[in-house]
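Examination of the molecular architecture
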Amino acid sequence: NNGRFGIGAAAGAMGRKVMASCAEHALTRTQFGDKLSSFGLIQDKMTTMAVNSYSTESIAYMTTGMIDRGDPSCEVEAACCKVYGSEKGFESINDAIQIFGGMGFMKDFPFERMMRDCRILSIFEGTNEILRLMIALSGLKAAGDRLKSLGKLAANPLSDPLALLHEAGTRVENKLRPQPVESVHPRLQKYGNKLRADTVAFGTAVELLLVKHGKDVIHEQLQLRRVADCAIDLYICTAVLARASRALEAGTRTAEHEAELTAHACAGASLRVRQHLKEMGGFSESHDARVASIAAAVFESGGCVAPHPLGV
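Residue numbers run consecutively from 1 along every chain, following the written order of its sequence. Confidence filtering applies because this is a predicted model: local features only for residues at pLDDT of at least 70, side-chain atom pairs given and counted only at 80 or more, and all residues used for totals across whole chains, interfaces and linings. Side-chain calculation: all heavy atoms of the structure are included, whereas hydrogens and water are not.

Considerations on the overall build of the chain
- From N to C terminus, the chain includes ten helices and two strands.
- When the helices and strands of the chain are placed in sequence order, the string is α-β-β-α-α-α-α-α-α-α-α-α.
- For every residue, the accessible area obtained with a 1.4 Å probe (protein chains only) is divided by the maximum for its type, and the residue is called buried under 20%, exposed over 50%, and partly exposed between those limits. Looking at the 312 residues of the chain, the share that counts as buried comes to 38%.
- For this analysis, residues touch if any pair of their heavy atoms sits within 4.5 Å. In the chain, once contacts between residues fewer than 6 apart in sequence are set aside, the share between residues at least 24 apart is 74%.
- Each accessible area is a Shrake-Rupley result for a 1.4 Å probe, and residues are judged covered by the shown protein chains and nothing else. If you sum the accessible surface of the chain, you get close to 17800 Å²; carbon and sulfur atoms cover 60% of it. A run of DSSP states H or I qualifies as a helix once it reaches four residues; a run of E qualifies as a strand once it reaches two. Both are numbered from the N-terminal end.

In structure tokens form, the structure reads like this:
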């Protein structure tokens, strides 16, 4: 856990350093008569870096609290830190090189070395592919245990009718009258409500996935990747909402900026989660089958199947 969480924390720190270099360059470099900082595409890259760095730091800090409390079951959260931090850290360096242009590729600047060093982060302490499977299967196990207990109740409702009624009532209430998320600052309540709705929808989608595939779900790796990515995004939303809410309540100097970062992070995460849920619900079956078919053809031929357009 410490190693995986540490990668996420290091990636957050690296993101800060990269951002500072890019900001200085964009503010001083003139192109087409204007500073780079005035261009929308550069602003978009800087915003993405800022949101990714803030999100990485937030989940690392929340996971630190779990580790400090001696929580014995924070391996999923530590894996989320490692997967998200390593991938977003690499993206930030890639964007930094793009902002610096050809200079960013030269050894006079640190980015080419940082890119090589950062590339290993998605490999050691467990490859990100394996960690995504672990994140997904850990969640599916908990959902499976819950479904088993519900199945026993449904098969013999008289054994515990109150428990069955409570479960049914909770599910109906979650659908029709969702309660607002507590401990979220009023300025961010909209995104807290989105988090709750997405979490409920995610739980339902996971249960349907288990019902459909049963134990064979372990072989549905593309679906498991979607489950893991949803879990990571939901964890990010939880962490940034907690961090920004605390800043707003304390009235810190950067509170409003943190609220904007959180709004951007949560809005993007919610869109990704909803897309993954749609794909988990059956809209991805033709895509996943096509992936398997194309890969099988490539493996069988030992490389590209289609001939080169010039016939060489």
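Regarding empty space enclosed by the protein
- The rule is simple: put a 1 Å grid over the protein atoms alone, call a set of points where a 1.4 Å probe fits but cannot get out a cavity, call an open set with protein on both sides within 12 Å along at least five of seven lines a pocket, and count a residue as lining if it has an atom within 4 Å of a point. Grid points are joined across faces, edges and corners, and a volume is the space filled by probe spheres set on the points. Following the criterion strictly, the structure yields one cavity of 30 Å³ or more and no others.
- Counted as a void, the largest cavity has a volume near 40 Å³.
- As for the largest cavity, its lining consists of Ala 11, Gly 12, Gly 15, Asn 52, Ser 53, Thr 56, Gly 85, Lys 88, Gly 89 and Ser 92.
- Sorting the residues of the lining of the largest cavity by element identifies helix H1 (2–28), helix H2 (40–68) and helix H3 (75–100) as the ones contributing at least two each.
- A per-element tally of the lining of the largest cavity places H3 first, with four residues.
- Residue classes follow a fixed rule: Ala, Val, Leu, Ile, Met, Phe, Trp, Tyr, Cys and Pro count as nonpolar, while Asp, Glu, Lys and Arg count as charged, and any other residue, Gly among them, counts as polar. Along the lines of polarity and charge, the residues of the lining of the largest cavity split into one nonpolar, eight polar and one charged.

Some remarks on the pattern of salt bridges
- Only one rule defines a salt bridge in this text: a Lys or Arg side-chain nitrogen within 4 Å of an Asp or Glu carboxyl oxygen. Counting across every chain of the model gives 15 salt bridges.
- Here Glu 112 and Arg 116 are joined by a salt bridge, their closest N and O atoms 2.7 Å apart. Linking Glu 112 with Arg 116, this pair stays in helix H4 (residues 111–119), spanning four residues, or about one helical turn.
- Exposure remark for Glu 112: the relative accessible area of 16% places this residue in the buried category.
- The closest approach of N and O atoms between Arg 272 and Asp 233, which form a salt bridge, is 2.8 Å. Here Arg 272 is found in helix H9 (residues 255–283), whereas its partner Asp 233 is found in helix H8 (residues 221–250), with 39 residues between them in sequence.
- A single salt-bridge network, built from bridges that share partners, covers Arg 16, Glu 57, Arg 243 and Glu 258.

With respect to the packing of H1 against H4
- For helices, the fitted axis covers only the stretch in contact; all axes are lines through C-alpha atoms, and the angles between them, taken along N-to-C directions, range from 0 to 180 degrees. At their nearest, the axes of H1 and H4 sit 13 Å apart, and the two run at 160° to each other. Relative to H4, the element H1 is oriented roughly antiparallel. Taken as a pair, H1 and H4 cross one another with a handedness that is left-handed. Together, Met 14, Val 18 and Ser 21 of H1 and Phe 111, Met 114 and Cys 118 of H4 make up the contact between the two elements.
- Tallied by class, residues from the contact of H1 with H4 come to five nonpolar, one polar and no charged. When an angle is under 35 degrees it counts as roughly parallel; over 145 it counts as roughly antiparallel; between 65 and 115 it counts as roughly perpendicular; any other value is oblique. Note on convention: the crossing is left-handed when the near helix lies turned anticlockwise from the far helix by less than a right angle, right-handed when the turn is clockwise.

Some thoughts on H3
- Under the convention used throughout, the expected extent of a helix is 1.5 Å for every residue step, that is, one less than its residue count. In this model H3 runs 37 Å from its N-terminal to its C-terminal C-alpha over 26 residues, within 8% of the 38 Å that 1.5 Å per residue would give.
- Count one or two residues on from H3 and you reach Gly 101, which has phi positive near 70°.

Quick look at unusual backbone geometry
- The backbone of Phe 32 sits at a positive phi, close to 55°, despite the residue not being glycine.
- For Phe 32, the position within the fold is in the loop between strand S1 (30–31) and strand S2 (34–35).
- Taking the relative accessible area as the measure of exposure, Phe 32 reaches 76% and is therefore exposed.
- The phi torsion at Glu 125 lies on the positive side, around 60°, for a residue other than glycine.

With respect to the environment of Thr 252
- The residue Thr 252 is located in the loop between H8 and H9 in this model.
- Since its relative accessible area comes to 35%, Thr 252 is described here as partly exposed.
- Those residues within four positions of Thr 252 in sequence are excluded, and the remaining contacts are Ala 247 and Glu 258.

Thoughts on the confidence of the model for the chain
- When the pLDDT values of the chain are averaged, the result is 87; 88% of them are 70 or greater.
- Mean pLDDT values for the elements of the chain range from 43 in helix H6 (residues 161–176) up to 96 in H8.
- Note on residues 150–155: pLDDT is under 50 here. Beyond four places in sequence and across chains, it has seven contacts.
- Note on scores: pLDDT gives the predictor's confidence for each residue, bounded by 0 and 100. Here residues 157–174 is a poorly scored stretch, pLDDT under 50, and it has 16 contacts once near neighbours within four places are set aside; other chains count.

Looking at the packing of aromatic side chains
- The pairing test for Phe, Tyr and Trp rings, Trp by its six-membered ring, is centres within 6.5 Å, and the orientation test on the planes gives stacked under 30 degrees, edge-to-face over 60, and tilted for anything in between. Summed over the entire model, instances satisfying the criterion amount to two aromatic pairs.
- An angle of 55° between the planes, with centres 4.8 Å apart, marks the rings of Phe 100 and Phe 111 as tilted. Taken together, the positions of Phe 100 in helix H3 and Phe 111 in helix H4 put the pair eleven residues apart, joining distant regions of the chain.
- Judged by its relative accessible area of 9%, Phe 100 is buried.
- An aromatic cluster is defined as three or more aromatic residues linked by ring pairs; in this entry it consists of Phe 100, Phe 109 and Phe 111.

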